[in-house]
Amino acid sequence: MTAAPTIAEEILDLKRERRAIILAHHYQDAEIQEIADFTGDSLELARAARDAEGDVIAFCGVWFMAETAKVLSPSRVVIVPDQNASCSLVEGCPVEPIREYRRRHPDHVIVSYINTSIEVKAESDLLCTSRNAVKIVNSIPADKTVLFLPDRNLGNYVKRETGRENLKIWQGSCIVHNTFPVRRLLEAKALYPSAIVVSHPECPEAVLEHSDFIGSTSAIVDYVAAHARRDFIVMTESGVNFSLERVAPTSKFHYVANENCNCSECPFMRLNTLEKLRDSLRTLTPRVELSADLIAKALLPLERMLAVK
Ligand code: 13P
Ligand code: SF4
């Protein structure tokens, strides 16, 4: 008697049948990252979606990332295992006030973090990710006023790094990173004095002030790979541990989260499961559907971002 296929085997069969590619963000469960064709940060995933072959992109991340994939790869079917995989930054930044801002300040440059809805992207002049935000803002002429949205911690970080005074910042935040208290970080530093502190720029300013390295998820992975004999205090979502252990198997990683626990999982990212991935490959739902008009409008700031070297 032959054994029933595992979920992972079912996914691999469906992947072949559907001519699908599986893209995963670093915050996905390890079992999803294990089966993915490519794991990366939001900039790398956008590039991978643009360059993807086949008919289907199974996007294991949050909805705004899958929308970005659809804009860059409109002829492909883009599916996400769980339709409710949103993001607090997206939810805290509705499009109407942005349209109103645009009406009142037609000469300002609107730079949107990629963690925004497709409607907000369509109203933006430029997009950025946590990996290239400083570079993108530096690419804008110094005399232009910039509205940076929606993450205030990333915005403040960009303001400090660029020294730009004419940068207005939307007051959104990430429900995961914004709750990391500096008090807990200082306790961890006292406990592990030789560990290097690596942080995502969505963390509060006080946390970033005590960090040795600040960068996107993949930038953190690259930094850890380059310092692989050290131990680390990691100020980001703990799903990144899968990639960190791969590049630095002998290092120890200490996670600091909010006041009450050491769990730093993003509740939106973790809605995706292996079972839901299999089901979405079976039914090709939930599927990202965008109008041609919205795709055309969002493509412009996205292409401008990808063109900045
Ligand atoms: P990265 O672009 O660093 O992968 O970040 C995405 C994100 O949602 C961080 O919370
Ligand atoms: Fe959004 Fe924060 Fe989750 Fe990233 S970790 S997807 S910013 S809620």
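Just so we're clear, the structure is a prediction, and the values are computed from it rather than from any experiment.

Caption draft 1: Looking closely at the site of ligand 1. Around ligand 1, the neighbouring residues are His-25, Tyr-27, Asp-41, Ser-42, Met-65, Asn-115, Ser-130, His-177, His-200, Glu-202, Ser-216 and Thr-217. Protein burial of ligand 1: of its 300 Å² of free accessible surface, 96% is covered by the chains.

Caption draft 2: The arrangement of the nonpolar core in detail. Judged by nonpolar contacts, the single largest core of 70 residues is most densely connected at Phe-59, Val-111, Phe-148 and Met-235. In terms of residues, this core owes the most to one element, helix 4 (residues 63–72), which gives seven residues. With sequence-adjacent residues up to four places away left out, Phe-59 is seen in contact with Leu-23, Leu-45, Met-65, Ala-66, Ala-69, Val-78, Ile-79, Val-80 and Pro-81. Counting 16 residues, the second-largest nonpolar core is a separate cluster that includes Ala-20, Ile-32, Val-56 and Cys-60.

Caption draft 3: Examining the environment of His-227 more closely. Relative to the elements of secondary structure, His-227 occurs in the loop between helix 12 (217–226) and strand 11 (232–235). Relative accessible area serves as the criterion here: at 28%, His-227 is assigned to the partly exposed category. Separated by 31 residues in the primary sequence, His-227 and Ile-196 have C-alpha atoms spaced 9.2 Å apart. Residues in contact with His-227, not counting those within four places in the same chain, are Ile-196 and Phe-232.

Caption draft 4: The arrangement of the environment of Lys-189 in detail. Within the secondary structure, Lys-189 sits in helix 10 (residues 182–191). Spatially, the C-alpha atom of Lys-189 lies 49 Å from that of Ala-3, the residues being 186 residues apart in sequence. Sequence-distant contacts of Lys-189, that is, excluding residues within four places in its chain, are made with Val-197, His-210 and Ile-233.

Caption draft 5: Main features of the sheet that holds strand 5 (residues 109–113). Pairing is parallel across the open sheet formed by four strands, whose spatial order is 6-5-7-8. Strands with a single pairing partner mark the edges of an open sheet, and in this sheet they are strand 6 (126–128) and strand 8 (167–169). This sheet shows a mean twist of 25 degrees between the axes of neighbouring strands, independent of strand direction. Bridging between strand 5 and strand 7 (residues 146–149) involves four bridges; their strand directions are parallel. Looking across to strand 7, one finds that Val-111 is bridged to Phe-148.

Caption draft 6: Highlighting the pairing of strand 11. The two faces of strand 11 match: Phe-232 and Val-234 on one face and Ile-233 and Met-235 on the other face are all buried. Pairing analysis gives four bridges linking strand 9 (residues 196–199) to strand 11, with the strands arranged parallel. Bridging across to strand 11, Val-198 finds its partner in Val-234. Handedness of the crossover is the feature at issue here: the chain leaves strand 11, passes through helix 13 (residues 241–247), returns alongside strand 12 (residues 253–255), and the resulting connection is right-handed.

Caption draft 7: Representation of the packing of aromatic side chains within the structure. Counting across every chain of the model gives two aromatic pairs. Taking 4.3 Å as the distance between ring centres and 15 degrees as the angle between the ring planes, the aromatic pair formed by Phe-213 and Tyr-223 counts as stacked. With Phe-213 in strand 10 (residues 213–214) and Tyr-223 in helix 12, the pair connects residues that are 10 residues apart, well separated along the chain. When its relative accessible area of 17% is taken as the criterion, Tyr-223 is described as buried.

Caption draft 8: Highlighting the packing of helix 1 (residues 7–18) against helix 14 (residues 274–283). One can describe the packing of helix 1 onto helix 14 by two numbers: an axis separation of 9 Å at closest approach and a directional angle of 25 degrees. When the axis of helix 1 is compared with that of helix 14, the two are roughly parallel. Considering the relative orientation of helix 1 and helix 14, their crossing is left-handed. In this structure, helix 1 uses Ile-7, Glu-10, Ile-11, Leu-14 and Arg-18 to contact helix 14, whose residues at the interface are Leu-274, Glu-275, Leu-277, Arg-278, Leu-281, Arg-282 and Thr-283. Counted by class, the contact of helix 1 with helix 14 contains six nonpolar, one polar and five charged residues.

Caption draft 9: Looking closely at the side chain of Ser-218. One can find Ser-218 in helix 12. With relative accessibility at 3%, the residue Ser-218 sits in the buried group. A polar atom in the side chain of Ser-218 sits 2.9 Å from the side chain of His-26. Every residue in contact with Ser-218, bar those within four places of it in the chain, is listed here: His-26, Gly-40, Asp-41, Glu-44 and Arg-131.

Caption draft 10: Seen up close, helix 10. Within the span of helix 10, buried status applies to Arg-184, Leu-185 and Ala-188. Projected onto a plane normal to the axis of helix 10, the buried residues spread over an arc of 100 degrees and lie on a single side. Buried residues in helix 10 make contact with strand 9, helix 11 (205–209) and strand 11.

What counts as what
- Along each chain, the written sequence defines residue order, and numbers are assigned to residues from 1.
- The order in which chains are written sets their letters, starting at A; the order in which ligands are written sets their numbers, starting at 1.
- Selection of residues for local features in this predicted model requires a pLDDT of at least 70, selection of side-chain atom pairs for listing and counting requires 80 or more, and totals for whole chains, interfaces and linings are taken over all residues.
- Only heavy atoms go into the side-chain values, all of them from the structure, while hydrogens and water stay out.
- When at least one non-hydrogen atom of a residue lies within 4 Å of a molecule or strand, that residue is treated as near it.
- Here, Shrake-Rupley sampling with a 1.4 Å probe gives the accessible areas, and only protein chains in the shown set may cover a residue.
- Here, nonpolar core means buried Ala, Val, Leu, Ile, Met, Phe, Trp, Tyr and Cys residues that are tied together by side-chain atoms lying within 4.5 Å of each other.
- The buried label applies to any residue whose accessible area, calculated with a 1.4 Å probe on protein chains only, is under 20% of its type's maximum; exposed applies above 50%, and partly exposed to all values in between.
- Only runs of H or I of at least four residues qualify as helices and only runs of E of at least two qualify as strands under DSSP, and these elements are numbered from the N terminus.
- Here, two residues are considered to be in contact whenever any of their heavy atoms come within 4.5 Å of each other.
- Strand pairing requires that DSSP identify at least two bridges connecting the strands.
- Note on geometry: axes are lines fitted to C-alpha atoms, helical ones only across the stretch in contact, with angles between N-to-C directions running from 0 to 180 degrees.
- Every crossover in which the path from the first strand over the helix to the second runs clockwise, viewed with the strands pointing away from the viewer, is termed right-handed.
- Two rings from Phe, Tyr or Trp (for Trp, the six-membered ring) form a pair when their centres are within 6.5 Å of each other. A pair whose planes differ by under 30 degrees is stacked, one over 60 is edge-to-face, and the rest are tilted.
- Just so you know how the angles are binned, under 35 degrees is roughly parallel, over 145 roughly antiparallel, 65 to 115 roughly perpendicular, and the rest oblique.
- By the definition used in this description, the sense in which the near helix is turned from the far one sets the handedness, with an anticlockwise turn below a right angle giving left-handed and a clockwise turn giving right-handed.
- Residues were grouped as follows: Ala, Val, Leu, Ile, Met, Phe, Trp, Tyr, Cys and Pro as nonpolar; Asp, Glu, Lys and Arg as charged; and all remaining residues, including Gly, as polar.
- Any N or O atom pair separated by 3.5 Å or less is treated as a polar contact, with the protein-specific requirement of one donor-capable and one acceptor-capable atom, and with residues adjacent in sequence counted only for side-chain atom pairs.
- The directions considered for the arc run from the helix axis to the C-beta atoms.

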